[in-house]
Each structure stands twice: as structure tokens, then as C-alpha cells.
Amino acid sequence: MKFTLSWLKEYLDTHEPLEKIADKLTMIGLEVEHIDDKAKALAPFVIAKVISAEQHPNADRLRVCMVDYGQIANGDKPLQVVCGAPNARAGLVSVFSPPGTYIPGKNITLSVGNIRGVESHGMLCSAAELELSEDHDGIIELPADAPVGKAYAEWAGLGDPVIEINLTPNRQDCTGVHGIARDLAAADMGKFKDQPPKQIKGEFPCPVKVTIEDETLCPGFALRLVRGVKNGPSPEWLQRRLTSIGLRPINALVDVTNFMTFDRARPLHVFDARKVKGNLTVRRARNETIIALDGKTYALDDSVCVIADEHGVESIAGIMGGEASGCDETTTDVLIESALWNEINIAQTGRKLGINSDARYRFERGVDPAFMVPGLEMATRLVMDLCGGAPSEITVAGRAHGDDRIIEFPLSEVKRLAGIEVPFPQVRTILTHLGFMIAGTGPVVKVAVPSWRSDVHGKADIVEEIVRIVGVDSVPLTPFERGDAPRKPVLTQLQLRTRRAKRALAARGMLEAVTWSFVSKTQADLFGGGQPDLVLANPIASDLSDMRPSLIAGLIAAAQANADRGLSDVALFEVGQIFKGDKPEDQFIAASGVRRAQASSKGIGRQWSGSFTVDALDAKADALAVLAAAGAPMQGLQIVSAKESKNFPQWLHPGRSGAIQIGPQNVLGYFGELHPRTLETLKADGPLVAFEVILERIPDAKAKPTRAKPLLELSAFQPVSRDFAFIVDRGVKASDIVRTAQAVDKKLITGVTVFDVYEGKGIDDDKKSVGIAVTLQPREKTLTDQEIDTVAAKIVADVTKKTGGVLRG
């Protein structure tokens, strides 16, 4: 939202400096993004006259000009300036910048220069060099009577700073200068000058009737005809207002509607009455097309609300009018429309058609319903003042006002929610200046919410209004109470797991990504989603239509985007929410990651010792790292294949992936290579591996962990390691062999790891060889050979009994 300081002062009687006004705007929630003060930036530039312009002795396209910028009157000599502009000539009055001046359009600071052997003491400037326009074909030409030596910005009226603020979506009332002035007045920045529009008596009935077919799309519609107008360029004051905020003046009728949009946050539309056939109907489109005022053709389906006459669609309701009924210099009779539109429908239509208009910006946030008719009255007065004409009576369809809202407000809520004491007289003053009405003296008062504050619904909203005007800096700094009793944990178990998972994955060389919570319908179906209850009613884009059932789709897209830009070896992770249904119990926090190409945990990219291409074991290691950091019971984890896991995801390669579970019913997550079909659907290039762990499914620890770490217990005796290789059926899981060996003597056996799996020559086709390394750690005495052999024999016997395997010879 842009406006000038002088425009603001039309509604705010203030003598406060610009800097203080800008600071206060930010403090009350209307954050100032930028201030464009041309007078300050262009202060060194002065009006000058070219005394003479001679051909440069060493360049055909340069002239040597003698310039007077006011110093001749003081007895000084004119300055010599070399100029390459084609319009540089004797007698020309232009804009001059002496040495030492910063040129904003060129981002340089002038100095005395030597151009082709001739000294130049300054510059004659073009409009582009002063960033006043895109015109750089020649230097600025001023009227012959422009005062030489006077500051150009002051003479040109550029001393009106332009302020740009960033509005939150709930502050639709401040999409107009009038509302901004009201807030500043409430914050003691001056006196609010409210100017309610006066009613204009109609001279005849409006001949055009309005019918609303669906009041959920259009709650209210006001229309008035003005006959005998003379349309043409708008006056200088109006053109200056519009150009100062970046709008292009078109003609008086159109400029009035644009002015109303930014002045009072009331978008309007004007129709050339001669081009409208019959009465107007507000309805849904019927698979029609319209050429809009931007010259583009739009196809309209039945989700779009339109204003139509007997000929067809004349306007896309609340967004943009049609070219066929637009006003031009030949317009003599004009229909002025002021309406209320459904905010959600306006937003949906704007996104669907790709139209970002000033009207849409305001209507999708909600406009003041009570100002629908007064806004039409104000626009009528402007049209009559600028173009003349005779007005009709106003015809209104639907409602001309919104619902009343009264809130029972306990005055103690300010202290309870904000921690500050605000006396009741100050509360009354603040709310009254903001447009609220208060009845009662406490401890509970009734507060009537003004029609333009559609965002205020409850007690907390009123507290927010009071606090932002009093000042957030008035909220005291309150330290936590400190006592002997230990403080309760601030973070929940799930929040702690989330933090620990992020740290664990970052420590493994992965980079955190934040992706959309929405995916396309195709991606949702691929990752187990796509249910109707997870489809967005109002998607921001057609390819972001469903809530994500998995984080993997977004991470794959991010990895591919990096690969497309030459960063092929990427390892990304995300910890965020996924959606299996629309109920709270169907929403989970997942920790997911992908590795691509040579982004292996064994070494990312090209190494002196060789490159490592990612494989399923990288994803497995990442998943186990998350589980370990989140506090999962690692001894009880089971790694099972796709065939052994229920509801195994289809996006993983069935032979190069696995599931991590605690028992057959509690699956904690999955890992492995992505299925080729998945890569093809997502248009991604492999190799890619991924994992996903659901943090809520990790069982809580049985005992509360102590703050102190347990004492490190080291044995004084040498550990013993023995290797075993078993010939087993191919269907036997290596984890079964590991668990069987561990169970032989849990106190003595401290580690069992798989070091080899072999299938091939020398082994039957239906068999495989699994090699395990068993570590024995004595604690009381050194083991004898006989004791070691006894344990080894027990391991062989138990593995044979459990799996049917035999010791490999």
C-alpha cells in the first residue's frame, strides 16, 4: 500500500516529522517497507541554463556546453560541461548536477572528468538518470521561465515523500489512506479529519435494475446513473495523486474509481451506460468468455461471479471490468457500481484467472459493508465535480450493511493477556478513536465493533487493539520465576524428538529443506494420499491441490531442482507434518530425507579415495540415526523386507528397501532406493535413496532419563572376537541370526555384526552364506580357550536350531 505524506495529511492534522510518523506506523502494526523522498534524494540537483553549446573538437556526438546554474548572478563564470544528449543546445533550461553529486539512475558520484581531452565540470541530466521515468533519449527540458539556480525538486513539486507499508491480511481497513490516518490519530500522531460523504439527491429514477441470483456471492449491490457527463483528462491534483503511487491516469471517470480504491479502500466500477444492454444481473458465469480491461481474454466457468446484461458478461465481479462496456472520451452517460462480494470467491477467481488487481486485493480481504452506499455517494460527487452530469436515484439490491457485533469485554483482560495496566479512561479513548463504541464503566463493558473492522471477533482482538496503540514496548519484561522446585519442561516429547532428529541428520552432512505442505493430485496418489477429504478447497495453484501424505515428494523436487542447476550430489532432510486424513489423529510429524548421486554418508562427492554412489544402506543409516536420537529402543528394532511388512509403500524399490519396526504392528518407518516408476512420475533422475520415520510411533522410554550420564564402565580384560559363517536358506533374515547369537549369553556377548553375505559359486542356488563377527567381553577374568569354545559351540547350536543353518566349512 503506497500513499504520499500530503495525501495522508488530507485526513490527519499533524506537524510530526516524517521519520516519527514512519516509526509510529511500524509500531502500530502497519510496517513501513520503504520511503521514497525525492526531495531529499534530488536536493543537489538545480535548474540551469545552457549559455552556449559548441561542437566537441574530438567527437562528433558530443557538445561542449557553458552552463549557468545561478553562479553568474554572483559574478562567477559559467561552468564547462561536456554533454552527449542530442537535444543539448544554447538557451535550453535543464537540470544540472555539479561535481560530488550522486546520480541515482547511474549509481555513480560525479567528479571533474576529462572527456576526449576536454574537462567537464558536472552533468546535464535526463529523467532516467534522476529515476523520474524511463526516458533517457535526451536531457530534461524545462520551461524557459524556470528559475535558474533554484533546487529542481522544490520547483517540480517533488517534495512529497511516498510511503509504502506492508499490510497483514486482516487490516483491510488500512488499504485506504483514510483508515491509516485513523490509526495514526489514535496513536497520538495528530487529529483525525473525518469527512463523511454527503448524500446527493437523485433527479430521476435509475432506469437500470439490478438482480442478484446468489446473495452468498454478492450480499449487496448499489447502482446509480449519471447523465450528461463530459469525460476527459482528470485534473492535475488527481493525476499527481495517482502517478505518485505508480498508477497511470486514464480519464476522469476511471481515475475517480482508482482514487476511491486507495483513498477510502472502496473499489468501484464505471460502465458506459450506452454500451450496457438492458438490466444488470449478478450471477455465475455460464462457460463464457470476456475481454477484460487489460486486453486479455478470459474463459469463465460457473465458479466465477460476473455482472452481466442482456448481451452477456460485462465484468468479472470484484476483480476487473470488461473492455466492451469501458468508459472513454466519448462516454456521456455513466453507471457507477458499488458492491459487496464474497471474499473467498474473489480470491479463488483471482487465482484461477491469474489476475492481480487493486480491486481484488481489497475485496478478497473484505471491504466495509456500511460504506457501500456512502462510497457511491462520494464517487458521484467526484464525477459531478470533474465531469458534470445529473445523477439518478440509487438502486440497491441485497443488503447495504453488515451484521452488528457487540463484545462483552472484561477490562481485566488487558492485564491478563498483555501484562500491562491500562486505565479505563485510556482504554475508552483508544477504542473510541479507533471507531469502537463503549457502553458501561466496568468491570465488564460492551464494545460495539465498527463495520470496517471485520477482523475483530473476540476479547483477545480488543486487547490487541489496545496494546498496539499503547505500544508493544510498554509490555514489561517478566523473567521466569526461579525457586528451589525444578521448572517443568517447556518442550513436549514430540518437540524434543523433532529437535534431536534435525540435529542428528545435520550432523550426518544433510541440509535442512522446508517444502510446501501441498502436493499435486498425482504425487498425493503416489505416496498413499489423494483422499477427497485431503483435497484443498482453495488451492494456491493447480499443482498444489492436496495435503501431503509424505515429505518425500517435496524433497525429491528440491533435489532435482539442485541437480538441474549443476548440484547433483545433494543430501536433504525435512522434519514436518504429514497428513493421512483430515482428523487430528491422522496427522503425524515425520523425519524424512533423500540422498542423490554421490551424496553418500560414506563421503559426499568426488574423494581422493574414490566416489561413493548412494545406496539403500545410506538411507537405512540415516533412519537409524533419527531413531537413536529420538530415543527409540534400538535393541528391539527389527529390519524387515518389503514382502514381510504390511502396507509397504509402493514408491520404494521392493528389492532394495526395508521397513523398521518394533513388532509386526508398529512400523516406525521405511528406507531404501526409490522405485523407477516413482522417479519417472516425479520426473527425477536417479540414483535417489530416501527414508521416512514417523516420530509419534516411537514408544516412550520406560524410565525417565537422569540428567547425569551413567559412569563409563570399562573392563580390564581383553575382548575376544570370533567369526562364524552359516549356510542358510535365502529366505532366512540376517537379523534372526544376529538376535540368536546375542541371546546365547547377553552378559558376555557385547556385539554381533554382519560382515558378509554371499550368494554364488560354491553355494547352492537356494542358499546363501551369512558371516557374523561375535565380540566376547569378559569382566571378571581372562577367558580360557575351553570357555571360548563352549560359547562358540552354543552359538552354532542355537543358530542351527533356530534357522536350520549349518556352519560353513
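Keep in mind that this is a model prediction, so the values were computed, not measured. (Residues numbered from 1 in each chain as written. Predicted model: local features only at pLDDT ≥ 70, side-chain atom pairs only at ≥ 80, totals over all residues. Heavy atoms only, no water.)

**Looking at the nonpolar core**
(1) Moving on: Counting residues in hydrophobic clusters, the biggest one holds 114 residues, and the most contacted among them are Leu-8, Leu-25, Ile-165, Ile-180, Phe-221, Leu-300 and Trp-341.
(2) Moving on: By residue number, the principal contributor to this core is helix H10 (residues 372–387), which donates seven residues.
(3) Moving on: Apart from the residues lying within four places of it in its own chain, the contact partners of Ile-180 are Met-1, Phe-3, Leu-8, Leu-25, Leu-30, Ile-165 and Cys-174. (Core = buried A, V, L, I, M, F, W, Y, C linked by side-chain atoms within 4.5 Å. Buried < 20%, exposed > 50% of the residue type's maximum accessible area, 1.4 Å probe, protein only. Helix = DSSP H or I, 4+ residues; strand = E, 2+ residues; numbered from the N terminus. Contact = heavy atoms within 4.5 Å.)

**Quick notes on helix H5 (residues 177–186)**
(1) Moving on: A large share of H5 lies buried, amounting to ten of its ten residues.
(2) Moving on: What H5 keeps buried is the set Val-177, His-178, Gly-179, Ile-180, Ala-181, Arg-182, Asp-183, Leu-184, Ala-185 and Ala-186.

**Quick look at the packing of aromatic side chains**
(1) Moving on: All chains considered together, the criterion is met by nine aromatic pairs.
(2) Moving on: Aromatic side chains Tyr-152 and Trp-155 sit 6.3 Å apart centroid to centroid with 35° between the ring planes, which places their arrangement in the tilted category. Placement of the pair is Tyr-152 and Trp-155 together in helix H4 (residues 152–155), with a separation of three residues, close to one helical turn.
(3) Moving on: Owing to a relative accessible area of 33%, Trp-155 belongs among the partly exposed residues under this scheme. (Phe/Tyr/Trp six-rings, centres within 6.5 Å; stacked < 30°, edge-to-face > 60°.)

**Examining unusual backbone geometry**
(1) Moving on: With omega at -5°, the peptide bond leading from Gly-686 into Pro-687 counts as cis.
(2) Moving on: Considering the arrangement of structural elements, one finds Pro-687 in the loop between helix H18 (676–682) and strand E38 (688–694).
(3) Moving on: Located in the positive-phi region is Asp-188, a residue other than glycine, with phi close to 65°.
(4) Moving on: Not every positive phi belongs to a glycine, and Asn-647 is a case in point at roughly 55°.
(5) Moving on: Note on Asn-647: relative accessible area 74%, which makes it exposed.

**Comments concerning the side chain of Lys-768**
(1) Moving on: Here Lys-768 is to be found in strand E41 (residues 767–776).
(2) Moving on: No salt bridge is formed by the buried Lys-768, whose closest oppositely charged neighbour, Glu-759, lies at an N-O distance of 5.2 Å.
(3) Moving on: Polar side-chain contacts of Lys-768 include one of 3.4 Å to the backbone oxygen of Arg-730.
(4) Moving on: In contact with Lys-768, not counting residues within four places along its chain, are Phe-726, Ile-727, Val-728, Asp-729, Arg-730, Val-732, Val-757, Tyr-758, Glu-759 and Ile-763. (Lys, Arg positive; Asp, Glu negative; His and termini not counted. Salt bridge = Lys/Arg side-chain N within 4 Å of Asp/Glu carboxyl O. Polar contact = N/O pair within 3.5 Å; in protein donor to acceptor, adjacent residues only side chain to side chain.)

**Concerning helix H12 (residues 424–433)**
(1) Moving on: Among the residues of H12, Phe-424, Val-427, Ile-430 and Leu-431 are the ones counted as buried. Down the axis of H12, the smallest arc covering the buried residues is 125°, so these residues share one side.
(2) Moving on: Each element contacted by the buried residues of H12 is listed here: H5, strand E28 (437–439), strand E29 (444–448) and helix H13 (459–470).
(3) Moving on: Looking one or two residues beyond H12, the residue adopting positive phi is Gly-435, at roughly 105°. (Arc of directions from axis to C-beta.)

**Observations concerning the pairing of strand E33 (residues 571–579)**
(1) Moving on: Of all nine residues making up E33, eight are buried, and the element is well covered by its neighbours.
(2) Moving on: By the bridge criterion, nine bridges tie E33 to strand E34 (residues 587–596) in an arrangement that is antiparallel. Across the sheet, Ile-578 pairs through a bridge with Phe-588, a residue of E34. (Pairing = 2+ DSSP bridges.)

**Details of the packing of helix H7 (residues 252–264) against H10**
The description of two packed helices rests on the angle between their axes and on the distance between the axes.
(1) Moving on: Direction vectors running N to C along H7 and H10 enclose 140°, while the axes themselves pass 10 Å from each other. One element, H7, and the other, H10, form an angle in the oblique class. The element H7 and its partner H10 pack so that their crossing is right-handed. For the pair formed by H7 and H10, the contact residues are Ala-252, Leu-253, Val-256, Phe-259, Met-260, Asp-263 and Arg-264 on the first element and Gly-375, Met-378, Ala-379, Leu-382, Val-383, Leu-386 and Cys-387 on the second.
(2) Moving on: Looking at the contact of H7 with H10, its residues break down into eleven nonpolar, one polar and two charged. (Axes fitted to C-alpha atoms, helices over the stretch in contact; angles between N-to-C directions. Parallel < 35°, antiparallel > 145°, perpendicular 65-115°, else oblique. Left-handed = near helix turned anticlockwise from the far one by under 90°. Nonpolar A, V, L, I, M, F, W, Y, C, P; charged D, E, K, R; others polar.)

**A short note on the pattern of salt bridges**
(1) Moving on: A complete count under the given rule lists 39 salt bridges for this structure.
(2) Moving on: Lys-106 is the salt-bridge partner of Glu-129, the closest N and O atoms lying 3.9 Å from each other. With Glu-129 in the loop between strand E12 (123–124) and H4 and Lys-106 in the loop between strand E8 (102–103) and strand E9 (108–109), the pair connects residues that are 23 residues apart, well separated along the chain.
(3) Moving on: You can call Glu-129 buried: its relative accessible area is 14%.
(4) Moving on: The partner of Lys-502 in a salt bridge is Glu-512, with the nearest N and O atoms 3.4 Å apart. With Lys-502 in helix H14 (residues 493–507) and Glu-512 in strand E30 (residues 511–512), the pair connects residues that are ten residues apart, well separated along the chain.
(5) Moving on: The exposure class assigned to Lys-502 is partly exposed, which follows from its relative accessible area of 28%.
(6) Moving on: Salt bridges sharing common partners tie together Arg-171, Asp-173, Asp-183, Arg-453, Asp-455, Glu-465 and Arg-468.

**Focus on the packing of helix H19 (residues 734–742) against helix H20 (residues 785–803)**
(1) Moving on: In contact at an axis separation of 9 Å, H19 and H20 are set at 140° when each is read in the N-to-C sense. When the interaxial angle is binned, H19 and H20 end up oblique. As H19 packs across H20, the resulting crossing turns out to be right-handed. Listed contacts from H20 to Ile-737, Thr-740 and Ala-741 of H19 are Ile-795, Asp-798, Val-799, Lys-802 and Thr-803.
(2) Moving on: Residue composition of the contact of H19 with H20, grouped by class: four nonpolar, two polar and two charged.

**Examining the sheet that holds strand E3 (residues 31–36)**
(1) Moving on: Read across the open sheet, the three strands follow the order E1-E13-E3; overall the sheet is antiparallel. Each edge of the sheet is formed by a strand with only one pairing partner; in this case those strands are strand E1 (2–4) and E3. With direction set aside, neighbouring strand axes in the sheet form an average angle of 25°.
(2) Moving on: Bridging between E1 and strand E13 (residues 162–166) involves three bridges; their strand directions are antiparallel. Note on E13: the bridge partner recorded for Phe-3 is Ile-163.
(3) Moving on: Sitting on the sheet, helix H2 (residues 18–27) touches E1, E3 and E13, and the angle it makes with E3 is about 155°.

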